[in-house]
Amino acid sequence: MEKQVLESSEERTFQYQDSLPSLPVPPLEESLSKYLDAVKPFLNQEEYQRTEDIVKKFENGIGKELHQKLLERAKTRRNWLEDWWLNVAYLDLRIATQIHCNIGGPGPYIEHCWPAKEGTQIERASINSWHTLKFWDLLRAEKVAIERSRDDVLDMSQFRMLFCTCKIPGITRDSLSSYFKTETEGECPSHLIVLCRGRVFAFDAIHEGSMVTPPEIFRQLTYIQKRCHSEPDGPGLAALTSNERTKWAELREYLINLDPNNLTLLEKIQRSLFVVCLDESTPHATPEDYTEVTRLGLTGDPTVRWGDKSYNSIFFSNGTCSAFCDHSPFDAMALITMLAYAEKKILENEGKWKGSDKVRDIPWPEELVFTVDQKILSEIGRTKELYYEKVSDLQLVNYAFTSFGKALLRKKKLHPDTFVQLALQLGYYKCHGRPGCCYETAMTRRFYHGRTETIRSCTMEAVEWCKSMLDPSSSTYERLQLMHKAFAKHNKMRKDCENGKGFDRHLLGLLLIAQEQGLPVPELYVDNAFTASGGGGNFVLSTSLTGYTRFTGSAIPMVQHGYGFFYSIRDDRILVACSSWKSCPETDAEVLCRTVFQCFQDMLQLTVAAQL
């Protein structure tokens, strides 16, 4: 997806929302035949036969009824999946979502205008926050350019969730609150929250009708930092957001009952534009190795990030930075568009503020002082212990492969994303001696409120090719033929998924209809093939392309014995963030990442050898 130039003057950001096509329901037989194709790599002949029978039975029986009911549902909704997906994928989860679901990634500024340097944290946070506020301003004026894929307009609704959005814990299901409004829709909250040393502060980004400038933000952040450094630490209430959801919901209720003013303060955080986090760590980072800043961005000090907030902008004390976001309101591409906008502006100004240094007499930040008791304080302590115990088990690397990137792959007519996916399949096969079921995100933003569909990268074609690469008797010609077949298959799947012709969301819809009608779970979903091939959130490889900018993101593995594998592809390099759990003896993120880098070389060699 090529980025359009931002700040277009003619079109309004949200003007085509009402004319986007509805999310389609694919034909049942097509989805089921694609599903059968996808489970093949994980079954022997006998198991496959059994699954085929189950699928046929489903197709002619209960599946047909459920499909009809799904079509009925789709008639009355522009997106039949939307509410379901939000609940099932995010809001119904009871695990600690801050650890398991949030997404984050390092700012690439160390590569150009902001090398790591002590004493720059506040200045950089001020400039970065100002550019982010400018993006908010553009969005409110609907001047953020509409994104397109080829000629198709893409849904822009996720952009509304970047600001003034927060998840609120519930006893059985969380809820999502968004207070963003465009200028034509009305008033929008305009304050920022700052977290520092266990304390919470707020200040307004608009003073007497105009935006605060970087020097003014600098004054506010300096005031906060000076106070925090000369006074005792605060209770670190933000850590509570890292709890399991029901626990956090109960503690939140307890806080509100303790003092109704606590609710006012919580609402102030929920409504805020975004959160600026002043983190005391000094992560080491180089253009080739972002590991530490990525790890601390995702799993750093829980008292200086609000895990439920849709955007936390973290600045470390050596001037490096990271984004940290709740995943429920949006997918990574909306965030990356905003981050890339800020980076472009920061680069244009060489990382400096070139405007006026005049600082108006604006009100000092206010501290949000929560009423806490011994129970809350000990719960914060307990939460932090549990949090650090869990995140210390995470192994994460974020390395750059610098031998080549998109430029060379395009020249070789190899789709860069498919190239990485197939290298990952080969790398996993080399490390584990078997195919790895894989979830790759495809975006369905061509449709109204479309979010994602699953591309199942582990195809029979990919497996056949992997086997040929590991078989010494296989010729270069054979390997190349099989590689091209695997490429073609993956490219077709991606296209299908983006056009609403995937099968994973369809199968989920059929299951949810059955559940809503109180029907028994159809056999298809309890069949071993369903889980073995990744269904029901069992993908061993959880992957996503985070685009073609300097921003790369990361999330953690979907399952205990799995990997998270996230990558961005630039002209001259491929950045990979790979994660696994140390407590799983079979997996090793470092080894998989290095192996995939070797596979990049091997695949390129194959195309070179073929030309000789």
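Residues numbered from 1 in each chain as written. Predicted model: local features only at pLDDT ≥ 70, side-chain atom pairs only at ≥ 80, totals over all residues. Heavy atoms only, no water.

For the chain, the name recorded in an unreviewed UniProt entry is Peroxisomal carnitine O-octanoyltransferase, with Smutsornis africanus as its organism. UniProt's Sequence similarities (unreviewed entry) comment on the chain is quoted here verbatim: "Belongs to the carnitine/choline acetyltransferase family." In its Pathway (unreviewed entry) section, the UniProt entry covering the chain states "Lipid metabolism; fatty acid beta-oxidation." (UniProt positions renumbered as here; feature names shortened; annotations may be inferred.)

1. Structural notes on the packing of aromatic side chains
If you walk through the whole model with that rule in mind, you get 23 aromatic pairs. Note on Y35 and F530: the rings are 6.3 Å apart at their centroids and 50° apart in plane angle, and the pair reads as tilted. One end of the pair, Y35, is in helix α1 (residues 28-39); the other, F530, is in helix α19 (residues 528-532), with 495 residues separating them in the sequence. Take Y35 and F530: they sit in the same class, and that class is buried. With a centroid separation of 5.5 Å and 45° between ring planes, the pair formed by F274 and Y311 is classed as tilted. Pair noted here: F274 is in the loop between α9 (260-271) and β10 (275-279) and Y311 is in the loop between α10 (291-299) and β11 (312-316), with a separation of 37 residues, a long-range link. Like F274, the residue Y311 is buried in the burial classification. Members of the aromatic cluster, connected to one another through ring pairs, are Y35, F58, F503, Y525 and F530. Looking at R73, its charged tip hangs above the ring of W84, at a distance of 3.6 Å from the centre. One Lys or Arg, R505, reaches over the ring of W85 and ends 4.1 Å from the middle of that ring. (Phe/Tyr/Trp six-rings, centres within 6.5 Å; stacked < 30°, edge-to-face > 60°. Helix = DSSP H or I, 4+ residues; strand = E, 2+ residues; numbered from the N terminus. Buried < 20%, exposed > 50% of the residue type's maximum accessible area, 1.4 Å probe, protein only. Lys NZ or Arg CZ within 6 Å of the ring centre and 35° of its normal.)

2. Focus on the packing of helix α14 (residues 416-432) against helix α15 (residues 460-470)
Interhelical geometry of α14 versus α15 gives an angle of 55° and a closest axis separation of 10 Å. Accordingly, the angle class assigned to the pair α14 and α15 is oblique. Viewed along their axes, α14 and α15 form a crossing whose handedness is right-handed. For the pair α14 and α15, contact is made by L422, Q425, L426, Y429 and K430 and by A462, V463, W465, C466, K467, M469 and L470, respectively. For the contact of α14 with α15, the class distribution of residues is 9 nonpolar, 1 polar and 2 charged. (Axes fitted to C-alpha atoms, helices over the stretch in contact; angles between N-to-C directions. Parallel < 35°, antiparallel > 145°, perpendicular 65-115°, else oblique. Left-handed = near helix turned anticlockwise from the far one by under 90°. Contact = heavy atoms within 4.5 Å. Nonpolar A, V, L, I, M, F, W, Y, C, P; charged D, E, K, R; others polar.)

3. A look at the sheet that holds strand β6 (residues 191-196)
Here 7 strands make up an open sheet; going across it, the order is β1-β12-β11-β10-β6-β7-β13 and the pairing mixed. The sheet terminates laterally at β1 (103-106) and β13 (366-367), the two strands that pair on one side only. Two elements, β6 and strand β7 (residues 199-204), share 6 bridges in a ladder whose sense is antiparallel. Note on β7: the bridge partner recorded for L195 is V200. (Pairing = 2+ DSSP bridges.)

4. Section: the pattern of salt bridges
Per the stated rule, a full pass over the model turns up 45 salt bridges. Among the salt bridges present, the one from R94 reaches D174, with a minimum N-O distance of 2.9 Å. In this pair, R94 is assigned in the loop between α4 (82-91) and α5 (97-100) and D174 in the loop between β4 (165-168) and β5 (175-178), connecting sequence segments 80 residues apart. Residue E288 is joined to R573 by a salt bridge in which the shortest nitrogen-to-oxygen separation is 3.8 Å. Here the residue E288 occupies a position in the loop between β10 and α10, and R573 occupies one in the loop between β18 (563-569) and β19 (574-581), the gap between them amounting to 285 residues. The exposure class of E288 is partly exposed, given its relative accessible area of 38%. Here the salt bridges share partners, and the residues they tie into one network are R50, K57, E523 and D527. (Salt bridge = Lys/Arg side-chain N within 4 Å of Asp/Glu carboxyl O.)

5. Overview of the pairing of β18
Of all 7 residues in β18, 7 are buried; the element is thus mostly enclosed. Judged by which residues are buried, β18 turns out to be covered on both faces: Y563, F565, Y567 and I569 on one side and G564, F566 and S568 on the other are all buried. Note: strand β17 (residues 541-545) against β18, 5 bridges, orientation parallel. Directly across from L545, in β18, lies its bridge partner Y567. Summarising the sheet, β18 and β19 pair through 6 bridges and their orientation is antiparallel. Residue pairing for β19: F565 is matched across the bridge by C578. With antiparallel pairing between neighbouring strands as the criterion, β18 and β19 make up a hairpin whose turn holds 4 residues.

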